[in-house]
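Notes for the structure review
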Amino acid sequence: MRSAEVRDSAVMHYVLRRLAQAVFTVLGVMLLTFILFRVIAGDVSTAYVNQKLGAEARQAFYEKHKLDRPGVFNYHRRLLVSDNTSGPHQFEIADQNGSLAARALNLHLAPLEPARGAQALSSAPRLAGRLVFALSPSTPLAAMTDGKPLVSQKTGSAASPAWKISLSDGTVLDVDLSKARTCGDLIAEIGASPGNNGKLTTAISTWSPLSLFDSQFFWHLWENVTFSGRSYATNQSLLEIVGERGKFSLSITVPAMVLTWLFAMIISCFVAYYRDTWIDKVGVLLTVLGMCVPYLAYMLLGQWVMFKIAPEYAAGLAHPSSIYVPVFIAVIAGLGAEVRFYRTIILNEINKDYVRTARAKGVPLPSILFLHVLKNCMLPILTELITTIPFLILGSLLLERFFGIPGLGDLLLTSITSRDVPIVTGLTYLTAVLYVVSLLITDVLYAVFDPRIHLR
Amino acid sequence: MKKSHETNATPVSRGLWADAALRLLRDKAAMACFAVIIIYAAIAIGSPMVFGDWSAAHDYNHRNESPSWQYPLGTDALGRSVLVKVFLGAHVSMTVGFMSNVIALPLGILLGALGGFFGRRIDDFVVWLYTTLASIPGIILLIALKFAFADKVLFPGSFFELDLSGMAGVYVALGLTSWVGTCRLVRAETMKLKELDFVLAARATGRGNLAIMFHHIVPNLMHIAIINFSLGFVGAIGAEVILSFLNLGVQNLPSWGKMINEARMDLIVGRWWELTAAAGATFIIVLAWNIFGDRLRDALDPKLRNV
Amino acid sequence: MKWFYILSTALVATLVALPLFVLHTAGSGIGAPGVVYNAIYSADVKSLDPATCGDVTSSTIQANFYEGLYTYHYLKRPVEVVEQLASGMPQVSADGLTYTIRLKKGILYHRNPCFGKDPAGRHGWNTRTVVAQDFVLSLKRVADYHVNTGLAWAFLADRIVGLDAYREKTRQFRIGDFSRYDIPVEGIAAPDSFTLVLRLTAPFPQFIYVLAMNNVYAPVPREVVDYHLSTTSDGRGGRVSIPVQDRVPEIMEQEQVVGTGPYILTTFKRKWSIAMERNPEYREDFYPAEGEGPSAGYEGDKAAGLLADAGRRVPFVDRINFRYVEEEYATWMLFLSKQVDVTGIPVETFQAVITPGKELTDSWKKKRISLSRTSDPVIYWIAFNMEDPVLGKSKSLRQAISLCYDAENEIRILSNGRGIRAVNVVPSSFAGHTEAGPGPYFRFDTAAALRKIEDAKKELAAAGLLVNGKIPELKFDMSDGPMNLRMADFARQQFARLGLRLKCIFNDWPTLQRKVQNKQIQMYYMGWAADYPDAEDFLQLFYSKNIDKGTNNSNYRNPEFDSLYEAIRVMPDSPQRMALYVRMIRLISEDCPLMPIYEPENFTLYYDWMLNIKQHPIGYGYLKYRRIDARLRHALGGSEG
């Protein structure tokens, strides 16, 4: 093979590898958010459902947000009970005294869809603690109900257990269950109950590969990837929220980043030019001192100073230009670290052999600095900038909270406290994707502009 | 080029560590900072014992007083001496800084060395792990972990009992989220060391992979560990301050972050002492660590080693 | 290379100036004509729907759009119920079971597209008068199973004939199927368009107060349900039906808010800004001509200048802007820079602003700021979980804790003395408080506390609950927040006096709620604000049947108390009832299922250009009485308009 082809296929190989890594990283982020914010967070219904309304209201909340699905894989067979009538009422199974036998069987009643007229009751049959994969006509009822009685014992009708099934057109069927022992018996009794002329049919669902993915984890993935989450609290879609509040966050972080970069570049070039003189030493001292003051102290002092000088700008957004107060604070707080970083990079370059050679040949330092050194420094500096861009959209969580700016960072903080999971996972996902993309971009930049890099 | 006095004698060859120690000892600024660190550590260890009965430390008749002879740094809203709070806060900050590193450093070194040394799939896994963690903003992870830790106790009843709802939760959470930087550096360094001759020699004599890793490579990474210890310490103190701002920091003891958080409104009415004391205490120790860390890095950096 | 430098400079400049372009449209209507009142809200508005409204922030905002049958007089104290949309007080039958209410005629709703086109053919500009059937609908919505009500339903459950059965029936319906609102309810009838007849299951003497929760039981026109909740815009000016299972049965958006109130909601951005404008067709309502007379500690409304606008038509202010600011000191700064007209006083600045005599300092009066003080019928207490093995078993322990808690100092230190020590379970302004007298254990007496602790140790030892011979560590749950951090420190010190170890646990609000409901807490800090001016509102918190309902969070069970409660529930005010109240209050004071700490006092600062400020302890919807002297504000440097 010719060398160009070798290089091309190496590039292709490299690009594919990096893409695969990127995809895996995003998957990893989604897995991590799932564990942190869904598994560990546990039951979030207390924040959104009035507890006094009882278990049914909580169940409705779970169903609406798909929290009633199993965690990772959904391999439950279903007992499909199809209401083939159509009417305004909700399909319901009750036993003789009105308590829901559905609970005994761990059945969930899904909302009736008029177009299909069918309703799927998912049952998670347990056999001595293990899930039963295969629901068949011979599965004993005791296994399906986890040992609990099929009909609630409060009715006192252990002698003649029965279900009352109300169909959506108002028909009420009495299903006699005294002789039912297995799943097949149950199906037969429902079919044979008087008044049921094909209006209510029962069957065991066949397992379809797609239903395996009807679980919380995969819905979580889907919601993230399609960015379709909706806030539990306000039902706004994520897109709306980002559109509405993102501009506030960006209004702080974008100017802050640009100004920090600008000042840091100027100062570090200046300091590097005068290295080993007192200017350098003073500069280094100031940056180190600046880095050591806690961020919070900058915010508090900054706001206090602002308040003494021009109170209207100290908080809130009455004037758009009052956004520059947090911007200014962010710049000052971040300048120390940035200057140090740039200075290190520039000095590394200046200490290289070619610079020494050029000096020895008599080339003045300023032109070396601007023509050669900076160009070579651009790559690491640019890399650092690009990988911080993804985190711009979340804004500075602390500044937003402090100054009362209604941005995304503040929203993220309150969403974590109030357990508004879709917002938290959605915003985290967004940041992660942007970060991964930025990593890819920097890799490409390195690959293209730095011929020393061997593509692995 | 300067020549040494004994022009024909061979120069004394000292090991890396002895060399570094000597350089540091000669460096006045570094020694001053080290002294500050030792003082803080002493305060950190001693203050819980000296000021143990914290709950009785109130004095309702002396609330919000400015600094005086009796209360050198003034008093806070409940009448407690700000100086005592600063000392107890030192205990919190130093413990958090130290313990979070105790968790983060070994984790970072282990994963970085494994990834750098073995390459291929293991390396892919390690890179995937730390890229995933780096994609999520640090504060979010910290908050999520703190919520996960609420009310949990690890290894109850044993000597290692960790009550995660208190200070232990703070440094465990910090430790679990701050190992990425170390890991990256260690991995890069390991990949370089792997190619060096002494590793080849060790392989030639038939030493196993793990033995090579732990006997030869890791000792050469220690300088990274020490440098990152100082960085990590500083980061942990800063993170603790931010967590306290969000009411997620240490609850039962005073901490500098808590003091700064509570002092927000005080500045407006002219009560500057609590904020200044806490911010000042933080500033001094962070400055000391920064300078000491810098000098440490210079002393340990092989590249600056021209005799 | 020159173009590179020019381009990059231009890029940098644009990026830095970006906010100015992006944000200038995001203001809250500054500069529009009319007098504007600038206010702050610091918690998210949870609901705009009358049926789901329950918390203070939502009520404060929502009561400007919705009005109910009755309300409280703005100025008179003690509070008095007056008519609002009803015409005259209700006619109550002799057995106390039937309430006949006549409505005022000619009250118009806000103009809204749901009423179709107006006579001139303009869409979105029509309205109609309020009729009794609208009240019937709003009461049904409160009972609707699918609507996430809390407070509103709590007062109607078990009280109105046929309403509980109606609630059961609504369960059968799908969430979006609003035909359930057509089902009649036996106890709610509208014999004609301006008469409402309500039948109760048992006499409920506090029912008039329930009806005076004006914003909760406000009328809702059926058109809102049929238009806003059942259909949505198709993007081309028409409407398309929403699928039944996707419908949301609650009012959540700005354009869905249709009430009769003095203001119309114009902007609703959650956690950001809420703006409202004067309703040009608001019914004739006038500033009250009578007020509170002079009494000890108060010069009387007339002398205070609160009757200057008597007889003038309300509302006064043209627009109200609520801005969302969560941090207290940010609000403080906005107030000091005159961007906001009214504020509370943060704890830290209190001493600089208020004298020990609870008056405004002179330097602050010079800034043309005034102070308004009210005592709220709220009690904060530490609730003990009576089902907890340690606290529930040992009455002496609870009594000991009550005796050793230095509440006066807590009020002085943590709240700047803004409040009075609560001495029994009923607020000091309520009838029954003085009659029952202070609880014997609700005072600070260390010696007595130490004696009680010995008794407690014996009791617990007998029950085998001591750990290593000492009382086990007690857990104290509260919500997080800087004030609670200080209180935790303080509490730990109080308990230490008795040799008790206290572990303070901070929870965010949802977790705290969950733990309380699941009875997982030992002690927790809570407050209860009176819903109506009757001691029964506080006594019902100890009725054992309310444990399942969720209001009896101490899980207190006492058969004697229960039977007394069931007796007073149906008794109108009388000396006999007062005697029973006294017995019940004393039972609680003896059993100590809680330890009352304090009743807060509300200190509000406002600039002199804000007129007619008087905080109401219970009711909402009084912003219409506030007036702004715009010229004075402009002269003093406040915001324009």
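Residues numbered from 1 in each chain as written. Chains lettered and ligands numbered in written order. Predicted model: local features only at pLDDT ≥ 70, side-chain atom pairs only at ≥ 80, totals over all residues.

Regarding its fold elements, chain A presents 16 helices and eight strands. For chain A, the proportion of its 456 residues judged to be buried stands at 35%. Within chain A, counting contacts between residues at least 6 apart in sequence, those at least 24 apart form 71% of the total. (Helix = DSSP H or I, 4+ residues; strand = E, 2+ residues; numbered from the N terminus. Buried ≥ 20, exposed ≤ 12 C-beta atoms within 10 Å, placed from the backbone. Contact = placed C-beta atoms within 7 Å.)

Once that is clear, we can look at the overall build of chain C. Secondary structure summary: chain C contains 22 helices and 22 strands in total. Relative to the 2.2 N^0.38 estimate, which gives 26 Å for 641 residues, the radius of gyration of chain C is 27 Å and therefore close to what a compact globule would have. Considering only C-alpha atoms, chain C reaches an extent of 80 × 75 × 60 Å along its principal axes. Sorting the 641 residues of chain C into buried and exposed places 43% on the buried side. For chain C, restricting intrachain contacts to residue pairs at least 6 apart in sequence, the fraction spanning at least 24 positions comes to 70%. (Rg over C-alpha atoms; globule rule 2.2 N^0.38 Å.)

Turning next to the sheet that holds strand 11 (residues 273-278) of chain C. Residue and element names in this part refer to chain C. Read across the open sheet, the four strands follow the order 1-12-11-10; overall the sheet is mixed. The open sheet has two edge strands with one neighbour each: strand 1 (36-41) and strand 10 (263-269). Averaged over all pairs of adjacent strands, the angle between their axes in this sheet comes to 15°, without regard to strand direction. Pairing of strand 1 with strand 12 (residues 319-324) involves six bridges; the strand directions are parallel. Its bridge partner lying in strand 12, Ala 39 is registered against Phe 322. (Pairing = 2+ DSSP bridges. Axes fitted to C-alpha atoms, helices over the stretch in contact; angles between N-to-C directions.)

Glancing now at the sheet that holds strand 5 (residues 98-102) of chain C. All names here are of chain C. Strand order in the open sheet made by the four strands is 4-5-7-6, with antiparallel pairing throughout. At either end of the open sheet lies a strand with only one pairing partner, and these are strand 4 (91-92) and strand 6 (188-192). Its contacts with the sheet put helix 3 (residues 132-143) on strand 6 and strand 7 (195-199), and the angle it makes with strand 6 is roughly 170°.

Let us look at helix 2 (residues 28-50) of chain B. Note: α-helices contain 3.6 residues per turn, so residues at a spacing of three or four share the same orientation. All names here are of chain B. The end-to-end C-alpha separation of helix 2 is 32 Å, in line with the 33 Å expected for 23 residues at 1.5 Å each. Maximal helix bending in helix 2 amounts to about 25°, located at Ala 44; proline Pro 48 follows within four positions. What helix 2 keeps buried is the set Ala 30, Cys 33, Tyr 40, Ala 44 and Ser 47. (Expected span 1.5 Å × (residues − 1). Bend = angle between axes of the 7 residues up to and from the residue.)

The subject of this paragraph is the environment of Ser 273 of chain C. Residues and elements named next belong to chain C. Topologically, Ser 273 is positioned in strand 11. The class for Ser 273 is partly exposed, based on 19 C-beta atoms found within 10 Å. Sequence separation between Ser 273 and Tyr 41 is 232 residues, and the spatial gap between their C-alpha atoms is 8.8 Å.

Residue and element names in this part refer to chain C. The contact between helix 20 (residues 559-568) and helix 21 (residues 575-591) brings their axes to 10 Å, and the two run at 155°. Regarding the angle of helix 20 to helix 21, the classification is roughly antiparallel. Considering only the axes of helix 20 and helix 21, their crossing is left-handed. Contact residues: helix 20 offers Glu 560, Phe 561, Leu 564, Tyr 565, Ala 567 and Ile 568, while helix 21 offers Arg 577, Leu 580, Tyr 581, Arg 583, Met 584 and Leu 587. Residue composition of the contact of helix 20 with helix 21, by class: nine nonpolar, no polar and three charged. (Parallel < 35°, antiparallel > 145°, perpendicular 65-115°, else oblique. Left-handed = near helix turned anticlockwise from the far one by under 90°. Nonpolar A, V, L, I, M, F, W, Y, C, P; charged D, E, K, R; others polar.)

Residues and elements named next belong to chain C. A large share of strand 15 (residues 378-384) lies buried, amounting to six of its seven residues. Judged from the seven bridges that link them, strand 15 and strand 19 (residues 523-529) form a sheet pairing that is antiparallel. The residue bridging Ala 383 from the neighbouring strand is Tyr 524, located in strand 19. Where strand 15 and strand 20 (residues 594-607) come together, four bridges link them in antiparallel fashion.

What follows is about the confidence of the model for chain A. All names here are of chain A. For chain A, the mean per-residue pLDDT works out to 75, and 74% of the residues sit at or above 70. The least confident element of chain A is strand 4 (residues 126-127), whose mean pLDDT is 34; the most confident is helix 7 (residues 216-225), at 89. Low pLDDT, under 50, characterises residues 106-133; the predicted model gives this stretch 63 contacts beyond four residues in sequence or across chains. (pLDDT = per-residue confidence, 0-100.)

This part covers the packing of helix 12 (residues 395-404) of chain C against helix 15 (residues 446-462) of chain C. Residue and element names in this part refer to chain C. With their axes 8 Å apart at the nearest point, helix 12 and helix 15 run at an angle of 160° to one another. For the element pair helix 12 / helix 15, the angle class is roughly antiparallel. When you trace helix 12 past helix 15, the crossing you get is left-handed. Across the interface between the two elements, Ser 396, Leu 397, Gln 399, Ala 400, Leu 403 and Cys 404 from helix 12 touch Thr 446, Ala 448, Ala 449, Lys 452, Ile 453, Asp 455, Ala 456 and Glu 459 from helix 15. Here the residues of the contact of helix 12 with helix 15 are counted per class, giving eight nonpolar, three polar and three charged.

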